[in-house]
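Inside the fold
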Amino acid sequence: MPTGARLTHLQRLEAEAMQIMREAVSESDRPAMLYSIGKDSSVMLHLARKAFFPSIPPFPLVHVDTTWKFSQMYQFRDDTAREIGMDLIVHQNPECIEQGINPFDHGSAIHTDMWKTQGLKQAIDMNKFDLCFGGARRDEEKSRAKERIFSVRSPQHQWDPKRQRPELWNVYNGRRSPGETLRVFPISNWTELDVWQYVHLEQIPIVPLYLSAPRPVVERDGTWIMVDDDRFQLREGEVPETKSVRFRTLGCYPLSGAIESDATSLLDVVQEMLLATTSERQGRLIDTDSSASMEKKKQEGYF
Amino acid sequence: MAHSSELIADDIEAYLTSHQYKSLLRFITCGSVDDGKSTLIGRLLYESHLVFEDHLAALEADSAKVGTQGGDLDFALLLDGLSAEREQGITIDVAYRFFSTEKRKFIVADTPGHEQYTRNMVTGASTADVAVILIDARRGVLTQTRRHSYLVSLLGIRNVVVAINKMDLVDYSQDTFESIKAEYLEFADQIGLADADHIQFIPLSALKGDNVVESSGNTGWYDGPALMEFLETVEVDDDRVSAPLRMPVQWVNRPNLDFRGFSGQIVGGSVRPGDSVRILPAGTTSTVARIVTMDGDLDEAVTGQSVTITLTDEVDVSRGDIICAGDDPAEVADQFEAHVVWMHEDEMLPGRPYLMKIGARTVGLTIDDPKYRVDVNTLEQLAAGTLELNEIGVCNIALDRPIPFDPYPGLALGERNSGSPGNRETGGFVIIDKLTQNTVGAGLLHFALRRSHNIHWQDVRVDKDARSEMNSHRPGVVWMTGLSGSGKSTIANIVESKLHTMGVRTYLLDGDNVRHGLNRDLGFTDSDRVENIRRIAEVSGLMVDAGLVVLVSFISPFRAERQLARDRMADGEFIEVHVDTPLEIAEQRDPKGLYAKARSGDLSNFTGIDSPYEAPVSPDVHIETDSIEPEAAADMVIAALRARSIIT
Ligand SMILES: Nc1nc2c(ncn2[C@@H]2O[C@H](COP(=O)(O)OP(=O)(O)OP(=O)(O)O)[C@@H](O)[C@H]2O)c(=O)[nH]1
Ligand SMILES: [Mg+2]
């Protein structure tokens, strides 16, 4: 790069994320990266490898599992951790296992709260992590747009939007009072397009579910839900049909809406996304309750 | 989402390539409450067709429910995402929004106008290239307009749009526009904003869309650019690119014994292998060997990049050090003049130990009484003993060790920084409270104080006075005497933590602790008791020499030895505190079960039982613990320290 050259916006975002991660790791005693196997996690992990290269990122990956992810996600997760050589900690809320919490019988709200929100708190408390990286972006949702890059959580893991620390320049305050923990969001300033473009440019591996393929689905509440295994509770008269679908966001398979699509390559996906008229989180059934629902979830400790 | 739809549909690869090389512009909207900042950004997003259908549907529903526009679209609701904001119709915290046009990619921070939330405005402003300052055409330049303008100038934002908004409510009057412009320019001149690279006035209606994306027919008299055009084309120079090399080391990268690299982001200049560098504050010189990245070694790295550098020599480099251009290194100092912006409800306490985080380094910080505070309305310099929430002042500050720095390039700093281009990354800092760990303020370094440059320690005779000059207090001894179980330690502990938060360097000598170490060889015979006290008096004396306030918590039953301790100190340095608890009460409390043992004969020579306690005749402080709570007792001790001017 010639002297005086300007960085492109992706280069700026990349450098910013690396700076954030190095700062966070340096100010933490027990850092971890929350790894959800989605595209944002994949990008965040790739940035972590860059930030600490030639070292392996000095923290474990933590997957707060619900046992209801797509089977391809589990495969991808285990392969990724093995290839990079990072420790992978999988946490499944034991109460949920005991009570057999699932989205069919208990509904999405209880399922998400017990497996994900409570599970995350358990994983952090049990491992005594004082700082966790998360792949949330500010363009996802209005209350995320308000959150700092270094976000303090109370000993009860609560986010208090009224008491956020001032955050100036690239100077991050990583200090915590006893019991407090930090969530750090290195890709806060990335948009969905930035993420896809970066995946494309850097050839970052992603779960194949993001690309369209014939999959067995049923229609529910206006979207396609994939029948990923035989735990799926079909309603009366429902018969799975095969459709070419892909997913815009990945979560628990019974709660992830697919869209019909012919996008079989990454470029196709980006093209479809750019021409789309609805936002990404619409495919996520858990967020549709009310405009302020994400803020409420975050205050309760949701990531 | 309508980007350039045709290109996307026809040739996605070409589109992505064009997008990839777009530059990034970060801007903020700021100004007084209700001037229309959030509405403006909502409008920008809407007019750029960047609002998704589902968001638009939600906006329509929200506007009907909580909107301020009687059912019409209330664009501010696209931004005000917290429930408290929507309920009150105001912005409380910064919202970051992202959009791109054919020409550029934008990150915009919508900041709150309320004075109470100024710290959130500063958060947004600190990373902005451009500031859009809104003014309500009906109300003109208000205090908050001035405060935000001053902060924009102070933080060194060199490109400013003054958007005179709500022109629809003043019939798009050119006279109104011109008179506000004239008034603003006068103020801009006083705060250095007139030296900005660009300052553009635009008549606007955020609500109706005039001059937001397209030039409006309602303001035929205005021939300048619409807001979007300005944002798309304004040239933003990053001074840091041509500045000398600065790379704060964030992390020492040691994957194995053969590799030792220094990871950081370049915040000034550029670097190539073979360049000579100087590592500060140590001042060591070395040469760059490699610039390591996961994509392969680089021939050159420039401002903004995050890299890992290796050096040709085995020099000592740690986190917080700055790798500088060999021929143009940063300055190193430990005392400065600085602008301080206070950001916490608890006022700034001069003399209290805080932490400063600057770059990747955290050091101890104390702040002197402000030289003055700035009245943002009149720009008058007012006398001040402290800074309260949202106040801005100029103070001298002292660190517990020297740091490398460059002056902060704020426009409002004017003359102060002449001669150096400065660097905001190596001149801006945040202030952290040691107890709560919260960020309580921010500051901008102007220059190192002469006295800090000139200190050559060999030349100074280091004696007690010299040592205590480095503290914000004088040395002294608080000697607490009283029966076992009378409450000496409890009170001493409270006193110590109070002093500590006041920035006083303290040390607590407690009977039980000292007897485990220094006085391990001593028992409880009378002669051992005397020797015990002699040693404690000596140790206290040394600590007073070192400049500390020493708290001694010992039964010390004999008058003579307490007198001996008093004689060891200079006049006014010794405070005798009698922690007076009647024997019966101490015996009732018996926290360590010692009285019981003494009574049963398992313990001999126990003060008050079979060994005498000689109460002080006229102690400096007399605490009768059956009528005074420990907190209040501690305050009596603090008051005595004040009365002797040991602390202020
Ligand atoms: N008539 C008219 N009203 C406007 C215009 N711009 C904003 N408003 C109205 O002014 C009120 C305040 O607008 P906001 O966008 O919330 O103001 P703000 O500057 O973001 O306020 P804070 O963030 O709370 O400081 C709302 O009722 C807007 O609809 C304008 O150009 N013309
Ligand atoms: Mg607002």
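Residues numbered from 1 in each chain as written. Chains lettered and ligands numbered in written order. Predicted model: local features only at pLDDT ≥ 70, side-chain atom pairs only at ≥ 80, totals over all residues. Heavy atoms only, no water.

All names here are of chain B. Donor atoms from the polypeptide that coordinate the magnesium ion (ligand 2) comprise Ser 38 (OG) and Thr 91 (OG1), at 1.9 to 2.0 Å from the metal. Of this pair, Ser 38 sits in helix 3 (residues 37-47) while Thr 91 sits in the loop between helix 5 (83-88) and strand 2 (95-100); the two residues are 53 residues apart in sequence, bridging distant segments of the chain. Taking relative accessible area as the criterion, Ser 38 reaches 7% and is therefore assigned buried. Look at Thr 91 and you get buried, because its relative accessible area is 8%. (Donors = N, O, S within 2.8 Å, 3.2 Å for Na, K, Ca; no water. Helix = DSSP H or I, 4+ residues; strand = E, 2+ residues; numbered from the N terminus. Buried < 20%, exposed > 50% of the residue type's maximum accessible area, 1.4 Å probe, protein only.)

Here we come to the pattern of salt bridges. All names here are of chain B. For the structure on display, the rule yields 54 salt bridges over all chains. Across the pair Glu 232 and Lys 103 runs a salt bridge whose closest N-O atoms are separated by 3.8 Å. Taken as a pair, Glu 232 in helix 9 (residues 227-233) and Lys 103 in the loop between strand 2 and strand 3 (104-110) lie far apart in primary sequence, 129 residues in all. The buried category is assigned to Glu 232, whose relative accessible area is 16%. Salt bridges sharing partners connect three or more residues here, namely Asp 35, Asp 136, Arg 138, Arg 139 and Lys 166. (Salt bridge = Lys/Arg side-chain N within 4 Å of Asp/Glu carboxyl O.)

Our next topic: the sheet that holds strand 7 (residues 246-248) of chain B. In a beta sheet, neighbouring strands pair by backbone hydrogen bonds and run either parallel or antiparallel. All names here are of chain B. The 7 strands are arranged 7-15-11-12-14-9-8 in an open sheet whose pairing can be described as antiparallel. A single partner strand is all that each edge strand has here, and the edge strands are strand 7 and strand 8 (251-256). Ignoring which end each strand starts from, the neighbouring axes of this sheet average 40° apart. Bridge analysis of strand 11 (residues 276-280) against strand 15 (residues 322-325) gives 4 bridges, and the strand direction is antiparallel. Bridge pairing in strand 15 places Ile 279 opposite Ile 323. (Pairing = 2+ DSSP bridges. Axes fitted to C-alpha atoms, helices over the stretch in contact; angles between N-to-C directions.)

With that settled, the discussion passes to the packing of helix 7 (residues 143-155) of chain B against helix 8 (residues 174-190) of chain B. All names here are of chain B. Helix 8 packs onto helix 7 with a crossing angle of 40° between their chain directions and a minimal axis gap of 11 Å. When the axis of helix 7 is compared with that of helix 8, the two are oblique. Crossing of helix 7 over helix 8 shows right-handed handedness. Of helix 8, the residues touching helix 7 (which contributes Thr 145, Arg 146 and Ser 149) are Glu 183, Tyr 184 and Phe 187. Taken together, the residues of the contact of helix 7 with helix 8 break down into 2 nonpolar, 2 polar and 2 charged. (Parallel < 35°, antiparallel > 145°, perpendicular 65-115°, else oblique. Left-handed = near helix turned anticlockwise from the far one by under 90°. Contact = heavy atoms within 4.5 Å. Nonpolar A, V, L, I, M, F, W, Y, C, P; charged D, E, K, R; others polar.)

Our next topic: helix 15 (residues 526-545) of chain B. Residues and elements named next belong to chain B. Spanning 20 residues, helix 15 covers 29 Å between terminal C-alpha atoms, matching the ideal 28 Å at 1.5 Å per step. Among the residues of helix 15, Asp 528, Arg 529, Asn 532, Ile 533, Arg 535, Ile 536, Ala 537, Ser 540, Gly 541, Met 543 and Val 544 are the ones counted as buried. Elements that come into contact with the buried residues of helix 15 comprise helix 12 (464-469), strand 24 (476-481), strand 25 (506-510), helix 14 (511-516), strand 26 (549-553) and helix 16 (559-568). Of the residues trailing helix 15, Gly 547 is marked for its positive phi of about 100°. (Expected span 1.5 Å × (residues − 1).)

Okay, the environment of B:Thr386 next. Residue and element names in this part refer to chain B. Here Thr 386 is to be found in the loop between strand 20 (381-382) and strand 21 (392-405). For the pair Thr 386 and Ile 367, spaced 19 residues apart in sequence, the C-alpha separation works out to 9.8 Å. Apart from the residues within four sequence positions on either side, Thr 386 is in contact with Glu 347, Met 348, Pro 370 and Glu 391. Within polar-contact distance, the side chain of Thr 386 engages the backbone oxygen of Met 348 at 2.5 Å. (Polar contact = N/O pair within 3.5 Å; in protein donor to acceptor, adjacent residues only side chain to side chain.)

This paragraph deals with the domain arrangement of chain B. As far as domains go, chain B holds domain 1 (5-236), domain 2 (243-325), domain 3 (331-454) and domain 4 (464-643). Each of domain 1 of chain B and domain 2 of chain B has a C-alpha centre, and these two points are 39 Å apart. (Domains from an automatic or database assignment.)

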